[in-house]
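# Observations on chain architecture
Okay, here's what each chain looks like letter by letter:
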Amino acid sequence: MELFGPFMPDLFETRRLGELDRLGSDIVDFGEAGNLRLVVQCKGFEKPIFGDSQLQQCLQEIAKYSSSGPQVESYWLALNRAVIDSQHRNKIQCQLDHLVTSGKVTDARLLDFNQIISTLEEVVVNCLRQWASQRQEQSAQEHADNLAVVDYLSDVPFKFADMTRSNPSHYFSELVRNERNDRPQTQFGKDRKPPRILLKGSFGYGKTSALLAASALLLRSDIRPIYLRAADLKDTEAFGSGYGLLAEILGSFVPEDADLSDLASSLAIDTLRREFKHSDDWVLLIDAIDESPFSNNPSKLAALWGGAIDAGLPVLVSVRSELVDQREREFTINPKSLKNDLFQVLDLDEWTDELIGQFLESFSEKQAGMPSSEYLELQALVADGNYQQAYGDIPRRPLFLGMLAEDIWHSRASPKRLCDLYESYFTMKFERDRYSGGYNRPFEFLQREGLDETLRLLFLAMEEIASAINEKYMAAMTGGSNEVRNLGYLSRDEIDGVLRRVRLDGVGPTELALHSVVVPAGRDRHTKQMLFRFAHASFEDYFNARWLFRRSILPGDESNDAVKRFYSEMT
């Protein structure tokens, strides 16, 4: 019971069940419907060798059950000794076959010591598969409930291997299926070379949605995805060793009411290791590695990647672009073989007008009542190809679109108040960034100063960065500076200078990139310093307008139309 019980939760010892105990059964399984489906008779022998005396006792047990036992689907005779003699085994099997032909049972097994182990492994594997499938369905439902805006749109654009494609979820699941069909049988375990993909995208691009959509496609192909939130992974386990990663995987889908002893847990982990090594049925999905407190530790990341390699599983990891762009080697170099890349990068791209139109249509179908006139205007704007002209280049991603559609549907915002939408989006982005995945990204300044003051200073930092970029551009255009390189960018030192001026003490460019709309943009070819830019031109224009408005400076002729529009809305 200690070993089988955790993986067969409907097992009972018959000494607690009165009549069944007197009928010669020791353990029974009633199944989910409460109908008796399995009877186990256990025989323990003190002598280490199974001989004639032990044989007779076994035959008597079977005869007793044949005479008075209940009719069930399965009957197991479990022994604590191995039946080595083939004649002994044949006589027992003959009696078991008689149980089947008589109609007493559908299936009858002899489980001597060796068969108990193999049957236990079979039970554990089936249980783990069932738990994993149930947990994946729960994860998908939890994410759908959290979105509560619109169903996932699959046909989103992405870049992979220098080519632009669409539908990243289907593409990854197809890679997994193809590898499973084409892989030589001699390749298994850590010698296997499965697809390992880094799903990269900025905030609000739908990385988690794409991950869970891929999971659903894999399930339909009889492949079992293992979905892990990186924020839940522990330092000493997944980021510590291959065995630790297996323990984390097990813990991710074991039900809360499953009481696994240390022995049962060890058995399950060892079974998982063998299952992963020899099976094509599993895929590992790690969501939002940037939300883990250990993502800033190269040795911890290398331990995690090494565990994934040892398991021999296909892997799909989602990550913020800002992190990969600054520390590419830690995410692409194989920690066990510098000759091979660990991950290939799948880079999510902005949505097309067609996708935006589909999004708005799907959103409308889910709402009660008729759309507002403003919402119909928004749909018409998209259909006519004027969406970016009206809203700028930022809202081409599901999170912004969800906010925009919600506000306009309920007439909480007018399409003409673009500056309000941008302010709301930047605020929401920071708050969602902070608490995404149930983990609070480390940001000491926030803990010290509070949310309102941190947001105020972040807005100031964005304004100063936009102004500094604009000054660099104007100096180059008027010939007042020989610094014409890297227009539209600020160096790491320049970013640090801005952060000091606005009193964001202790916040560096890395933290700023994760919590703002400034992103890494390569390195200066002369100074080798990291460069940063605004992720979207329209946000640069928005913060430029804010900088001018705060100083009561009117936009000049050199300001573009977007800056002037933002400014006019602020007055």
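Definitions and cut-offs
Residues numbered from 1 in each chain as written. Predicted model: local features only at pLDDT ≥ 70, side-chain atom pairs only at ≥ 80, totals over all residues. Heavy atoms only, no water. Helix = DSSP H or I, 4+ residues; strand = E, 2+ residues; numbered from the N terminus. Contact = heavy atoms within 4.5 Å. Areas by Shrake-Rupley, 256 points an atom, 1.4 Å probe, with all protein chains shown as cover. Pairing = 2+ DSSP bridges. Axes fitted to C-alpha atoms, helices over the stretch in contact; angles between N-to-C directions. Core = buried A, V, L, I, M, F, W, Y, C linked by side-chain atoms within 4.5 Å. Buried < 20%, exposed > 50% of the residue type's maximum accessible area, 1.4 Å probe, protein only. Expected span 1.5 Å × (residues − 1). Salt bridge = Lys/Arg side-chain N within 4 Å of Asp/Glu carboxyl O. Parallel < 35°, antiparallel > 145°, perpendicular 65-115°, else oblique. Nonpolar A, V, L, I, M, F, W, Y, C, P; charged D, E, K, R; others polar.

## Some details on the overall build of the protein
- Counting secondary structure elements, the protein contains 22 helices and 15 strands.
- Long-range contacts, defined as pairs at least 24 residues apart, comprise 69% of the intrachain contacts of the protein with a sequence gap of at least 6.
- As presented, the protein carries roughly 27,000 Å² of accessible surface, and 47% of it is formed by carbon and sulfur atoms.

## Some remarks on the sheet that holds strand β8 (residues 196–201)
- Reading across from one edge, β7-β6-β12-β8-β11-β10-β9 is the order of the seven strands in this open sheet, with mixed pairing throughout. The open sheet has two edge strands, β7 (163–166) and β9 (224–229), and neither has a second partner. With direction set aside, neighbouring strand axes in the sheet form an average angle of 25°.
- Across four bridges, the pairing between strand β6 (residues 157–160) and β7 is antiparallel. Among the inter-strand pairings, F160 is bridged to a residue of β7, identified as M163.

## Re the nonpolar core
- Judged by nonpolar contacts, the single largest core of 66 residues is most densely connected at Y391, M462, I465, F534, F539, Y542 and F543.
- Ranked by the residues each element gives to this core, the list is headed by helix α18 (residues 451–478), at 10 residues.
- Apart from the residues lying within four places of it in its own chain, the contact partners of F539 are I394, Y422, Y425, F426, V517 and F534.

## Describing helix α12 (residues 353–366)
- Across its 14 residues, α12 extends 20 Å between first and last C-alpha, which sits within 8% of the 20 Å expected from 1.5 Å per residue.
- The inward-facing, buried residues of α12 contact β6, α13 (373–383), α14 (387–391) and α15 (398–409).

## Looking at the sheet that holds strand β15 (residues 530–534)
- The three strands are arranged β13-β15-β14 in an open sheet whose pairing can be described as antiparallel. Bordering the open sheet on either side are β13 (490–491) and β14 (518–523), each of which pairs with just one other strand.
- As paired strands, β13 and β15 are joined by two bridges and run antiparallel to one another. Looking across to β15, one finds that S491 is bridged to L531.

## Observations concerning the pattern of salt bridges
- Here the structure, examined in full by the defined rule, presents 24 salt bridges.
- Its salt-bridge partner being E453, residue R503 comes within 2.8 Å of it at the nearest N-O pair. With a gap of 50 residues between them, R503 in the loop between α19 (492–501) and α20 (509–515) and E453 in helix α18 connect regions that are remote in the sequence.
- Close ionic contact of R565 with E569 constitutes a salt bridge, the shortest N to O distance being 3.4 Å. Taken together, the residues R565 and E569, both in helix α22 (residues 561–570) and four residues apart, mark about one turn of the helix.

## Things to note about the packing of helix α2 (residues 52–68) against helix α3 (residues 86–101)
- Direction vectors running N to C along α2 and α3 enclose 0°, while the axes themselves pass 10 Å from each other. Considered as vectors, α2 and α3 are oriented roughly parallel to each other. Mapping the contact onto sequence places D52, L55, C58, L59, I62, Y65 and S66 in α2 and H88, K91, I92, Q95, L96, H98 and L99 in α3.
- Among the residues forming the contact of α2 with α3, the class breakdown is eight nonpolar, four polar and two charged.

No statement about biological role is implied by the geometric values presented.
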